[in-house]
Structure formats: structure tokens, C-alpha cells
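# Inside the fold
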Amino acid sequence: MDGLFHPFAFAYFPVCLFLFSQMSYTFCERLSMSNIQKKILERLEASSLKAFTSRDFMDLGNYKLVSKALETLTNDGTLRRARRGIYYLHKIHPVLGIEEMPSIDDIAHAIARQFNWTITPSGNYVLNMLGLSTQVPQQFVYISSGPYNTFDVFGCTIIFKHSASKDICGLSNNNRLVIQAIKELGKGGVSDKDRARFSAFLSKTDKEEIRNGMKITVWINQEMRRILSVSNCKTEARGQGGPL
């Protein structure tokens, strides 16, 4: 019995306590990470997110746990990496039998969410998106509320160019797209056919925003108001605010 109270026995007590606390912490961390993984997959199934970063799930846990959960899901083949820090759900198309990849636009918006930027396609890319050009861009250029930056993804280059806040902030996404298309077409380069297409693209809410006034370049604002004067029942019926 005296051996139980040997002075050296007390020396091991702090060590044992430390090891026990570490084991408990590791168990709780693994349990928490497993729970986060489950919630990430549930959110992805219920949302339209095609590409995402850890920032999209920071409400589920701290950065370390969320990043570890994404890494684990990637290692087991549930997720794929588009590039470092950007992920997408691994899915096979039921008919074509090929992997369903996120679009460049999906990835660009995932990057924008990660850095809290507001972005809008510009240049020939936005004309292609709105059906005003069939030319496939080699570079995907966005104006951004953030700094100039470039990212290479899937063999393509995404370029973010800083722009004045009046061009992208406080406006609906559809109006931002049309403004960039008008800029690319240039002053005097917008045809009645283009205006009819824009009218079909914009929703009633978008058009109300134009009526209420926008703090943008004068000649572009005039072009936006000309869109409102387009009288075409078919285009009005189609004006649901989505791709043409």
C-alpha cells in the first residue's frame, strides 16, 4: 500500500493528465470535423454552389476544422480541387458518363466570395455570355471591387481588374452585365436589336432600378434608359432576368 503513495507516483500524474486531455481533445476534434463534413455535403446538395472555398462554410466551424473537413472529403474522392483552395463536388453526368465540371464563371465567383469582392464579366466575355458574340474568349476578364489579380484554372486564365465602385456596387447583377456589354459595344455601337435583347434579359426589378436612376457614366445611363423604351411584347414576356 505504501508504494501507491510513493513520491515518484505523483510525478507521473501531470503527464497522465496531459495525455488524457490530448486524447479527449483529439476525439472531440474528430467528432466535430465529421459533423462539419456531413453539414458541408448537406449544404451542397441543397444549394446551387458549383465551386466553393472554405469561406462558404465558416459558419460551421473555425478555419482549421473547415479546411480539414474539405481536405478529408477531397482525399476520399467526394470533392475535387479546381485549384488550391477551390473545390467542387465530384459528380458523373448520368447520361454522358463524364465528370460534371464547374464553369469558369462558377470558379470566378467562388474566388470573389473568398475575398469578399464584387465582380462582373467584361469585354468580349460578357458579349459571349449575353449572346451578342459567338467568339469564345481565351481569357476570362472580370471587373472587380478588389485589386488586380490573375488565376489559372483548367488551362484558362481568369483576370480580375479593379474598377471604380460606381460600376459594380449597388447594382443588380443583370444590370451590371448589361452595362459592361454596352461599354464593350462602345458609344454609338448599340443597335435596336441589342436593346431588344437587353430588354428581354432584364427583369422588371432590374428595369425599375434603371427608372430610379443609377450613378454611372452619362452616355451609358442614356443607353440603359433607351432599353426601357423598347416596345416588344415578346421580349417583355421573356424578361425574367436570366441568360438568353
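Our structure is the block above this text.
In this text the structure is predicted, and so the values were computed from the model without any measurement.

### Considerations on the pairing of strand β6 (residues 156-162)
- Alignment of strand β4 (residues 139-144) against β6, held across 6 bridges, turns out to be parallel. Paired with Ile 143 across the strands is Lys 161, a residue of β6.
- Here strand β5 (residues 149-153) pairs with β6 via 5 bridges, running antiparallel. Paired with Asn 149 across the bridge in β6 is Phe 160.
- Counted between consecutive antiparallel strands, the loop separating β5 from β6 contains 2 residues, among which Phe 154 sits at a positive phi close to 55°.

### Observations regarding the side chain of Arg 176
- One can find Arg 176 in helix α5 (residues 173-185).
- The charged side chain of Arg 176 is buried without a salt bridge, its nearest counter-charge being Glu 209 at 7.7 Å.
- With residues near it in sequence (within four places) discarded, Arg 176 still touches Thr 118, Ile 119, Thr 120, Asp 167, Ile 168 and Leu 171.

### Structural notes on the packing of aromatic side chains
- Inspection of the entire model under this criterion finds 8 aromatic pairs.
- With a centroid separation of 5.0 Å and an interplanar angle of 25°, the aromatic rings of Phe 115 and Trp 117 are classed as stacked.
- Assessed through its relative accessible area of 40%, Phe 115 is described here as partly exposed.
- Grouped by ring-pair contacts, the aromatic residues Phe 115, Trp 117, Tyr 125, Phe 140, Tyr 142, Phe 151 and Phe 160 constitute a single cluster.

Rules of the game
Residues numbered from 1 in each chain as written. Predicted model: local features only at pLDDT ≥ 70, side-chain atom pairs only at ≥ 80, totals over all residues. Heavy atoms only, no water. Pairing = 2+ DSSP bridges. Helix = DSSP H or I, 4+ residues; strand = E, 2+ residues; numbered from the N terminus. Buried < 20%, exposed > 50% of the residue type's maximum accessible area, 1.4 Å probe, protein only. Lys, Arg positive; Asp, Glu negative; His and termini not counted. Salt bridge = Lys/Arg side-chain N within 4 Å of Asp/Glu carboxyl O. Contact = heavy atoms within 4.5 Å. Phe/Tyr/Trp six-rings, centres within 6.5 Å; stacked < 30°, edge-to-face > 60°.

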